Amino acid sequence: MPGFELFSDLERKEVNDVLDNGVLMRYGFDGMRKGHWKAKELEAELATTFQTNHVQLVSSGTAAVSVALASAGVGAGDEVIMPTFTFVASFEAIMMLGAIPILVDIDDTLTLDPKAVEAAITPKTKAVMVVQMCGSMGDMDALQNICNAHNLLFIEDACQAIGGTYNDKPLGSIADLGCFSFDFVKTITCGEGGAVVTNNKDYYSNADHYSDHGHDHVGNDRGAETHPFLGYNFRISELHAAVGLAQVRRLPEFIEIQKKNYTILRNALARVPGVTFRTVPKGGEESYAFLNFFLPDLESAQKVIEAFKVNGVDACWNYYQNNWHYIKEWHHLKDLKSLMPISKEVKEGLEYLQTKTFEQSDKYIARNISCLIKLSWTEDEVIARADKMARIIKETI
Ligand SMILES: Cc1ncc(COP(=O)(O)O)c(C=O)c1O
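Residues numbered from 1 in each chain as written. Predicted model: local features only at pLDDT ≥ 70, side-chain atom pairs only at ≥ 80, totals over all residues. Heavy atoms only, no water.

Strands pair in a sheet through their backbones, by hydrogen bonds, and they do so in one of two ways: parallel or antiparallel. Pairing is antiparallel across the open sheet formed by three strands, whose spatial order is β7-β6-β11. Each having just a single partner strand, β7 (169-170) and β11 (284-285) make up the two edges of the open sheet. (Pairing = 2+ DSSP bridges. Helix = DSSP H or I, 4+ residues; strand = E, 2+ residues; numbered from the N terminus.)

So, in structure tokens, the structure goes:
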């Protein structure tokens, strides 16, 4: 991760196909295309890669979450349970529908703690969204059982875990609906883009229409299409899809490189006293996009991050005071800083954030360091980096 590190003639060829016929839009213009339907082709490739019946490409991972929820009927006043450790997109996508994000603690998997999920369920809860953070996953069986017992929709945000599996199933394909991002820094990238994947025909059909102004996509005269319901524009362009098409075909190669680099780093850190690793649920295999490890406390994690920076070890983070990924610094959410009025339901629904504390999440995020695994490192570079990281941690804690 990220896939852009290994851009090649494969991506260039797909993009040039689009430029040669001049159709940048994924729908219509059948005569001009000379047979090129990059978005459709990418959807078919993704369906094979993620072993799901249906894939709807959209404009971003954030759009994928909104479209997935909307496609299953989640909207105004509904509560969606999500983790405290994720990307801001999770609550943005929920609130865009007028729904209410209910944040709950993570456990040592670094995503939803099933006990915290169970405790947060109310009559208004409609969905549980697990976010497969930093290349790994939540306890999918436990979360699925809770959703089954309470008749809740189960959503899987696999934006950061492309290529990981759980009981041999691709992450993103396990819950009722899965969401992917192919933004510029993801394991496979379109530049900007995302996908909703599902085995549910109705959700798929809803996602297909909703992400294109409610168009029914019947026939081949776009102007004559009807609108069974309201929608918006979350379309991907052919140019973006073309890049993704070349990238998805390279996913096995990318995952193999990630795994090799991750393993060298992990083996070196495993020998350092005081270092422990996140729990990967039984049956799970990470995507190896990140290596996450715990140090004894916040102070040692912060000191190590500083020492990494000074010594040129880039792309490692302690998320405790991070503006993007952890509840602690999401003041704009807690203070409801919005350009436009927010509904009474959402305002009231978010009042809990004024008083609720998340000690259990703090405990894990404070001690965690998350390091990006790059695709472009040579083996010598990874070995040197591993030695350096191990030495710095030993000297610092
Ligand atoms: C976990 C997670 N969900 C959703 C998104 C949103 O994806 P996008 O940037 O494509 O909108 C991201 C992006 O980083 C993410 O990390």
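Close contacts around the ligand come from 13 residues, with Gly61, Thr62, Asp157, Asp183 and Lys186 the closest. Contact distances for the ligand include 2.6 Å between an oxygen atom and a side-chain N or O atom of aspartate 183. (Near = heavy atom within 4 Å. Polar contact = N/O pair within 3.5 Å; in protein donor to acceptor, adjacent residues only side chain to side chain.)

Tallied over the entire structure, the rule returns one disulfide. Between the sulfur of cysteine 316 and that of cysteine 371 lies a disulfide, 2.4 Å long from S to S. In this structure the cystine formed by cysteine 316 and cysteine 371 twists about its S-S bond by roughly 115°; its chirality is therefore right-handed. Here cysteine 316, found in strand β13 (residues 316-317), pairs with cysteine 371, found in strand β14 (residues 368-372); they are 55 residues apart in sequence, far enough to count as distant. Accessibility classification places cysteine 316 together with cysteine 371 in one group, the buried group. The structure places no disulfide on cysteine 134, whose sulfur is separated from the nearest cysteine sulfur, that of cysteine 371, by 10 Å. In this structure cysteine 134 comes out as buried when scored by relative accessible area, which is 0%. Not engaged in a disulfide, the cysteine cysteine 147 finds its nearest cysteine sulfur in cysteine 179; these two sulfurs lie 14 Å apart. (Disulfide = S-S within 2.5 Å. Buried < 20%, exposed > 50% of the residue type's maximum accessible area, 1.4 Å probe, protein only.)

Before going further, it helps to spend a moment on the pattern of salt bridges. Applying the stated criterion across every chain, the model contains 24 salt bridges. A salt bridge links lysine 259 to glutamate 285, with the nearest nitrogen and oxygen atoms 3.3 Å apart. Of this pair, lysine 259 sits in helix α9 (residues 251-270) while glutamate 285 sits in strand β11; the two residues are 26 residues apart in sequence, bridging distant segments of the chain. (Salt bridge = Lys/Arg side-chain N within 4 Å of Asp/Glu carboxyl O.)

Packing of helix α3 (residues 61-71) against helix α7 (residues 201-210) brings their axes to within 8 Å, and their N-to-C directions diverge by 125°. In terms of axis orientation, α3 runs oblique to α7. The hand of the α3/α7 crossing is right-handed. Residues Val67, Ala70 and Ser71 of α3 form the contact with α7, whose own contacting residues are Tyr203, Asn206, Ala207 and Tyr210. Across the contact of α3 with α7, the residue classes break down as five nonpolar, two polar and no charged. (Axes fitted to C-alpha atoms, helices over the stretch in contact; angles between N-to-C directions. Parallel < 35°, antiparallel > 145°, perpendicular 65-115°, else oblique. Left-handed = near helix turned anticlockwise from the far one by under 90°. Contact = heavy atoms within 4.5 Å. Nonpolar A, V, L, I, M, F, W, Y, C, P; charged D, E, K, R; others polar.)

Read these as geometric descriptors, not functional statements.
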